[in-house]
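Structural features, examined
Each chain, letter by letter, is given below.
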Amino acid sequence: MDKLQIRNFIATRVAKEFHNGDVVNLGIGLPTAVANFIPKDIKIHLQSENGLIGLGPQPNEDDIDYDITNAGGQPVTLIEGGMYFDSSTSFGIIRGGHVDVTVLGSLQVDQTGSLANWIIPGKMVPGMGGAMDLVTGAKKVIIAMTHTNNGKPKILEKCTLPLTAKNQVNLIITEMGVMEIREGKIHLLEYNPLFTFEEIQEATQATLVIDHPIKMDMEV
Amino acid sequence: MKEIIKIDDLKFHVFDGMSIMVGGFMAVGTPEFLIDELVQLGVKNLTIICNDAGFVDRGVGKLIVNGQVHKLIASHIGLNPEAGRLMSEGLMECELIPQGTLIERIRCGGSGLGGFLTPTGIGTIVEEGKKIIQSEGKDYILELPLRADLALIEGTTVDQFGNVLYTKTTRNFNPVMATATDKVIVGARKMIESIDPDCVMTPHIFVDYMIMGGQ
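Residues numbered from 1 in each chain as written. Chains lettered and ligands numbered in written order. Predicted model: local features only at pLDDT ≥ 70, side-chain atom pairs only at ≥ 80, totals over all residues.

1. Structural notes on the overall build of chain B
Scanning chain B from N- to C-terminus turns up five helices and 12 strands. Taken against the 2.2 N^0.38 rule, which gives 17 Å for 215 residues, the C-alpha radius of gyration of chain B at 17 Å falls within 12% of a compact globule. Across its three principal directions, the C-alpha atoms of chain B cover 55 × 40 × 25 Å. Relative to its 215 residues, chain B shows a buried fraction of 50%. If you take every contact in chain B between residues at least 6 apart in sequence, the share linking residues at least 24 apart comes to 72%. (Helix = DSSP H or I, 4+ residues; strand = E, 2+ residues; numbered from the N terminus. Rg over C-alpha atoms; globule rule 2.2 N^0.38 Å. Buried ≥ 20, exposed ≤ 12 C-beta atoms within 10 Å, placed from the backbone. Contact = placed C-beta atoms within 7 Å.)

2. A short note on the interface of chain B and chain A
Contacts between the two partners involve 36 residues from chain B and, on the opposite side, 30 residues from chain A. Elements with a minimum of two residues in the side of chain B that touches chain A: α3 (81-88), α4 (99-110) and α5 (174-177) of chain B. The biggest single contributor to the side of chain B that touches chain A is α4(B), with five residues. For the side of chain B that touches chain A, the class distribution of residues is 17 nonpolar, 15 polar and four charged. (Nonpolar A, V, L, I, M, F, W, Y, C, P; charged D, E, K, R; others polar.)

3. Side note on the pairing of strand β11 (residues 181-192) of chain B
On a regular strand, each side chain points to the face opposite its neighbour's, so the side chains alternate between the two faces of the sheet. All names here are of chain B. As paired strands, strand β9 (residues 148-159) and β11 are joined by 10 bridges and run parallel to one another. The residue bridging A151 from the neighbouring strand is V184, located in β11. Relative to strand β12 (residues 209-212), β11 runs parallel, the two sharing four bridges. Residue pairing in the sheet places V186 in a bridge with M210 of β12. (Pairing = 2+ DSSP bridges.)

4. Here's the deal with unusual backbone geometry
Positive phi is not limited to glycine here, since A:H212 has a value of about 50°. Exposure remark for A:H212: the 6 C-beta atoms within 10 Å place this residue in the exposed category. Not every positive phi belongs to a glycine, and B:E136 is a case in point at roughly 50°. Mapped onto the fold, B:E136 is located in the loop between β7 (132-135) and β8 (138-143). Since 5 C-beta atoms lie within 10 Å of it, B:E136 is described here as exposed.

5. Some words on the sheet that holds β8(B)
Residue and element names in this part refer to chain B. Taken in spatial order, the three strands of this open sheet run β6-β8-β7, and their pairing is antiparallel. Each end of this open sheet is capped by a strand with a single partner; those strands are β6 (116-118) and β7. For this sheet, the mean angle separating the axes of adjacent strands, direction not counted, is 45°. Most of the contacts of α4 go to β6, to which it runs at about 165°, and overall it touches β6 and β8. (Axes fitted to C-alpha atoms, helices over the stretch in contact; angles between N-to-C directions.)

6. Some words on the pairing of strand β5 (residues 93-96) of chain B
Residue and element names in this part refer to chain B. When strand β4 (residues 69-74) meets β5, the two strands line up parallel, connected through four bridges. Residue K71 lies in a different strand from β5, and its bridge partner there is E93. Between the parallel elements β4 and β5, the chain passes through α3 in a crossover that is right-handed. (Right-handed = clockwise from strand over helix to strand, strands pointing away.)

7. Some thoughts on the sheet that holds strand β11 (residues 155-156) of chain A
Residue and element names in this part refer to chain A. An order of β7-β6-β11 is seen for the three strands of this open sheet, with the pairing classed as mixed. Each of the sheet's edge strands pairs with one partner strand only, and the pair in question is β7 (115-116) and β11. Inspection of the sheet shows strand β6 (residues 108-110) paired to β11 by two bridges, in the parallel sense. Within β11, the residue paired with D110 across the bridge is L156.

8. Some words on the nonpolar core
Nonpolar side chains tend to gather and get buried jointly when the protein is soluble and globular. Grouped together as the largest cluster of nonpolar side chains are 117 residues, with contacts concentrated most on A:A144 and B:I48. Looking at this core element by element, the count peaks at six residues for β9(B). Apart from residues no more than four positions distant in its own chain, B:I48 is found in contact with B:I20, B:V22, B:V60, B:L63, B:V69 and B:L72. (Core = buried A, V, L, I, M, F, W, Y, C linked by C-beta atoms within 7 Å.)

9. Some words on the environment of A:D67
When you line up the elements, A:D67 lands in the loop between β3 (52-56) and β4 (77-84). Put simply, A:D67 and A:D100 are 33 residues apart on the chain and 27 Å apart in space, counted from C-alpha to C-alpha. Setting aside chain neighbours within four positions, we find A:D67 in contact with B:V28, B:T167, B:K168, B:T169 and B:T170.

10. Comments concerning α4(B)
With 12 residues, α4(B) extends 17 Å between its outermost C-alpha atoms, agreeing within 8% with the 16 Å of an ideal straight helix rising 1.5 Å per residue. Of all the 12 residues making up α4(B), 12 are buried; the element is thus mostly covered by neighbouring parts of the structure. Turning to α4(B), its buried residues number three or more, namely B:Q99, B:G100, B:T101, B:L102, B:I103, B:E104, B:R105, B:I106, B:R107, B:C108, B:G109 and B:G110. Lining the buried residues of α4(B) we find α3 (87-95) and α4 (131-137) of chain A together with β2 (19-22), β6, β8 and α5 of chain B. (Expected span 1.5 Å × (residues − 1).)

Pasting the structure below:
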């Protein structure tokens, strides 16, 4: 799979996790692409932490309104029924458990459900933005990312980078499989049949629990 | 009745070493023309409190690039590489705060609260040096209120009384910051006689001055 195929494959699988009526926050990067793959029979409410619910598709060049942006600062649209609010309300929604699912990328995730995605000391210090609040407050935390960083494992026994939050991740979805974090272990629930179990384990530093996982749907 | 002042009068309300809260999220909802005036005036050693570091050519990013910021308090600086450079070279102090904690600290500062308890940041470096309080079996960080000397707010529509309405996602930090500073200046895009009382987002009692400008 090339880069775009991997992105679309992961995004398609993430989108199947949603239920009708869910309030969902999608992070910047790969998670943003999930919006393009929501099943037709599901209606969700996309929240953006800069202050809106009802995030719509990106506008055409001619229809751009620079007063409507997502949390990445990109111009977006608002669907019917959507609304705006201030940052205090927005984070009340987030911390208050009113977001059903948050989808984020990560630099590292570990088997305790801790994640690290906001700083590489000495190299990259973008800041945490709303990520710490989102993973702490959302009912379900899904990490959507490539399985490794150019072959270097990102799914670890223990994160080595400064944490974004402790014990908050529920599900990891990569091009290799779907993994659930439960009781300090990572369970491989689904796998991409393009890879063997050995290859998936080799790309993962934490020991996976592999107990009759099912094949992932390869249709994108 | 609030005083409408001219952009040239901004110089009477700023001084070296002051703290300024600036509304906006990635410069959306930032009163850009007031930032331009601060760049012109060259006030320095500023403590800037803003959601993010803007871009090198937009929002508070312009003040950072111009070397006017001594300390930045923000949740994210990733889209302004110059902010990252100044921070790592020790030329600008930078305090990174989770976004929900930042806005809530400002809300506390404006509403007479001594702080609040949040689960955000527990088990991370954010909790370092802070009081951890257990309540009903769960750990929380005690976060303290945040205030500043001045707030620069972007109002989409203001009325002659000083009431403010913000459009779309320009609202973000603006109405909360307007409650938490000694002085509040609204950069107004449009002025009308009176905003429908049901639609006022910042009551005029919070506003000190209005300056017309911006798009």
